[in-house]
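# Secondary and tertiary structure notes
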Amino acid sequence: MVAPGKWAVVTGANRGLGFDVAKQLAASGRSVIITSRDKAAGAAAAQALSEAAAPGARVVVLQLEASSPDSIRALAAEVQAEYEGQVDLLVGGWDRWDRINNAGMTVDGISAADHEATLKTNLDGAIDITLALLLHLAQGARVVQVASRRGMLSTVGPGYGERIKAAATLDEVRAAAHRFDPDHLAQGPATGQSYAVSKAALIRATQLMAESPHFKARDISVVAVAPGWWCQGARSILLASEDNIPNGSFSYDGKLLDWTSK
Ligand SMILES: NC(=O)c1ccc[n+]([C@@H]2O[C@H](COP(=O)([O-])OP(=O)(O)OC[C@H]3O[C@@H](n4cnc5c(N)ncnc54)[C@H](OP(=O)(O)O)[C@@H]3O)[C@@H](O)[C@H]2O)c1
């Protein structure tokens, strides 16, 4: 086991906002475990982050493919073996963001396979990573799920929104989101509707985890955050990790958002 201390885990941190979040944490003196699905990309990112880290802050990289239960199990086993009870911040929810900009992802092009793949990474991956790490987190840890304003209920349309909002268990959230209904997916913005459904469901899953006795018993809080665009994205995520943002909430740049607002 590594020397005791507090660690943050930032998934999908070899590039993008995850990298920026890890960089700011390391620069402020926090030791960070980043995950990357590609080993070489992860090693390069860890090297760059180590160079930006404050003295004493450590950066290590572990491999994770969020859509693979085996990979999630391996990550949890590694955290248990080396960092048991030492992780007090988990930033997760990275995803198939690329799909929203994919030229093929038009209303006509929404396919059941694409919808399923988006949900598997964005929703199932985020939930499964959190549940797999739950027992190994420090008492009082915070989990930040990176969602999006595209996950506001008003943007997903009633066909999905009402079912997701009514879901009372994580399994019901998954079922509501995985259901493939092209007519309702086509409502709202023309592209990325599976993405929006995945983020709305992640916000509901966050609320349910925050209320769960399994989390409460160990004082572990779970929040969802909309990062916004590049310039302030990492800031918004880091503000959501602070104590003044209440358990179970959805925020942007340190301000609470009403997920149900029109
Ligand atoms: N950027 C924005 O303006 C914005 C706005 C609203 C919401 N968001 C949300 O913020 C998050 C990050 O956005 P970003 O712009 O930083 O995205 P990005 O640059 O595309 O980075 C995504 C990260 O997630 C990883 N990833 C993707 N699929 C994965 C999988 N199946 N398993 C493990 N890792 C996976 C990527 O790894 P690879 O390098 O291997 O692909 C990469 O490290 C996303 O949840 C996005 O929806 C971003």
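Everything below is about the structure printed above this text.
Below is a short write-up of the structure. From a predicted model like this one, the values you see are computed outputs, not experimental measurements.

## Looking at unusual backbone geometry
Within the chain, D219 stands out as a residue other than glycine whose phi angle is a positive 60°. Within the secondary structure, D219 is located in the loop between helix 10 (213–216) and strand 6 (221–226). Of note in this structure, D253 is not a glycine but carries a positive phi near 55°. Looking at where D253 falls in the secondary structure, it is placed in the loop between strand 7 (250–252) and strand 8 (255–256). Overall, D253 belongs to the buried group, its relative accessible area being 15%.

## Observations concerning the environment of V32
Mapped onto the fold, V32 is located in strand 2 (residues 31–36). Using a relative accessible area of 0% as the deciding quantity, one classes V32 as buried. Along the backbone, V32 and V59 are 27 residues apart, and their C-alpha atoms lie at a distance of 4.9 Å. Aside from chain neighbours lying at most four places away, what touches V32 is W7, A8, V10, A22, L25, A26, R58, V59 and V60.

## Observations concerning the packing of aromatic side chains
Scanning all chains against the criterion turns up one aromatic pair. On the basis of an interplanar angle of 65° and a centroid distance of 4.9 Å, the ring pair of W7 and Y83 is categorised as edge-to-face. Note that W7 is positioned in strand 1 (residues 7–10) and Y83 in helix 3 (residues 69–83), a separation of 76 residues in sequence. The exposure class assigned to W7 is buried, which follows from its relative accessible area of 2%. Looking at R149, its charged tip hangs above the ring of Y252, at a distance of 4.5 Å from the centre. Note that R179 overlies the ring of Y160, its terminal NZ or CZ placed 5.0 Å from the centroid.

## Observations regarding helix 6 (residues 158–166)
Inspection of helix 6 places G159, Y160, G161 and I164 among the buried residues, and these make up the whole buried set. Those residues of helix 6 that are buried are in contact with helix 4 (112–134), helix 5 (153–156), helix 7 (170–178), helix 8 (182–185) and helix 9 (193–211).

## Notes on the side chain of R142
Mapped onto the fold, R142 is located in strand 5 (residues 137–146). Buried charge without a salt bridge: R142, with D243 as the nearest opposite-charge side chain at an N-O distance of 5.1 Å. A polar side-chain atom of R142 sits 3.0 Å from the main-chain carbonyl oxygen of E242. In contact with R142, not counting residues within four places along its chain, are D88, L89, L90, S221, V223, A240, S241, E242, D243, I245, P246 and N247.

## A word on the sheet that holds strand 7
Overall, mixed pairing links the eight strands, which are arranged 3-2-1-4-5-6-7-8 in an open sheet. Strands with a single pairing partner mark the edges of an open sheet, and in this sheet they are strand 3 (59–63) and strand 8. For strand 5 and strand 6, the ladder comprises five bridges, and the chain directions are parallel. Opposite V144, over in strand 6, you have V223 as the bridge partner. Strands in contact with helix 3 are strand 1, strand 2, strand 3 and strand 4 (87–92); relative to strand 3, the strand with the most contacts, it is inclined by about 145°. Relative to the sheet, helix 4 contacts strand 4 and strand 5, its axis offset from that of strand 5 by approximately 175°.

## Some thoughts on the environment of K23
Mapping K23 onto the fold places it in helix 1 (residues 16–27). Those residues in contact with K23 that lie beyond four places of it in its chain are L49 and A52.

## Section: the pairing of strand 2
In terms of burial, strand 2 is largely enclosed, as six of its six residues are buried. On strand 2, burial covers both faces: S31, I33 and T35 on one face and V32, I34 and S36 on the other are all buried. Both strand 1 and strand 2 contribute to a ladder of four bridges, which runs parallel. Paired with W7 across the strands is S31, a residue of strand 2. At this point the chain moves from strand 1, through helix 1, to the parallel strand 2, and the crossover so formed is right-handed. Bridge count between strand 2 and strand 3: five bridges; the pairing is parallel. Looking across to strand 3, one finds that I34 is bridged to V61.

Each value, and the rule that gives it
Residues numbered from 1 in each chain as written. Predicted model: local features only at pLDDT ≥ 70, side-chain atom pairs only at ≥ 80, totals over all residues. Heavy atoms only, no water. Helix = DSSP H or I, 4+ residues; strand = E, 2+ residues; numbered from the N terminus. Buried < 20%, exposed > 50% of the residue type's maximum accessible area, 1.4 Å probe, protein only. Contact = heavy atoms within 4.5 Å. Phe/Tyr/Trp six-rings, centres within 6.5 Å; stacked < 30°, edge-to-face > 60°. Lys NZ or Arg CZ within 6 Å of the ring centre and 35° of its normal. Lys, Arg positive; Asp, Glu negative; His and termini not counted. Salt bridge = Lys/Arg side-chain N within 4 Å of Asp/Glu carboxyl O. Polar contact = N/O pair within 3.5 Å; in protein donor to acceptor, adjacent residues only side chain to side chain. Pairing = 2+ DSSP bridges. Axes fitted to C-alpha atoms, helices over the stretch in contact; angles between N-to-C directions. Right-handed = clockwise from strand over helix to strand, strands pointing away.

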